[in-house]
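# Structure at a glance
Chain by chain, the residues run as shown.
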Amino acid sequence: MRQWNAARNGLVPDRTVSSVDLFEGRKEIGIEHHGAYYRLKITRQGKLILNK
């Protein structure tokens, strides 16, 4: 597993989750945040996109 270089960005995440573990074979998941619903998708090019 590749490590995220937080020091370069000056950010240290509270928790890191692998996209493989997060998506569990799916291409899209839903995220509820403060009463709003978001969709996190893996594109055909393998990138992530977040939509409200």
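In what follows, the structure referred to is the one given above.
Computed from a predicted structure; not experimentally measured.

## Remarks on unusual backbone geometry
In this model, E24 sits at a positive phi of 50°, which is unusual for a non-glycine residue. Position of E24 relative to the elements: it lies in the loop between α2 (19–23) and β1 (28–33). We classify E24 as exposed; its relative accessible area is 59%. Despite not being glycine, H34 has its phi angle at roughly 50°, a positive value.

## Thoughts on the pattern of salt bridges
Across all of its chains, the model carries two salt bridges by this definition. Two residues, E24 and R26, come together in a salt bridge whose shortest N-O distance is 3.2 Å.

## Examining the pairing of strand β2 (residues 36–42)
Bridging between β1 and β2 involves six bridges; their strand directions are antiparallel. Each bridged residue has a counterpart across the sheet, and for E28 the counterpart in β2 is K41. Counting the residues in the hairpin turn of β1 and β2 gives two residues, including H34, whose phi is positive at 50°. Of the pairings in the sheet, the one linking β2 to strand β3 (residues 48–51) comprises four bridges and is antiparallel in character. Along β3, the bridge assignment pairs L40 with L50. Counting the residues that bridge the hairpin from β2 to β3 gives five residues, and of these G46 lies at a positive phi of roughly 85°.

What counts, and where the lines are drawn
- Residues numbered from 1 in each chain as written.
- Predicted model: local features only at pLDDT ≥ 70, side-chain atom pairs only at ≥ 80, totals over all residues.
- Heavy atoms only, no water.
- Helix = DSSP H or I, 4+ residues; strand = E, 2+ residues; numbered from the N terminus.
- Buried < 20%, exposed > 50% of the residue type's maximum accessible area, 1.4 Å probe, protein only.
- Salt bridge = Lys/Arg side-chain N within 4 Å of Asp/Glu carboxyl O.
- Pairing = 2+ DSSP bridges.

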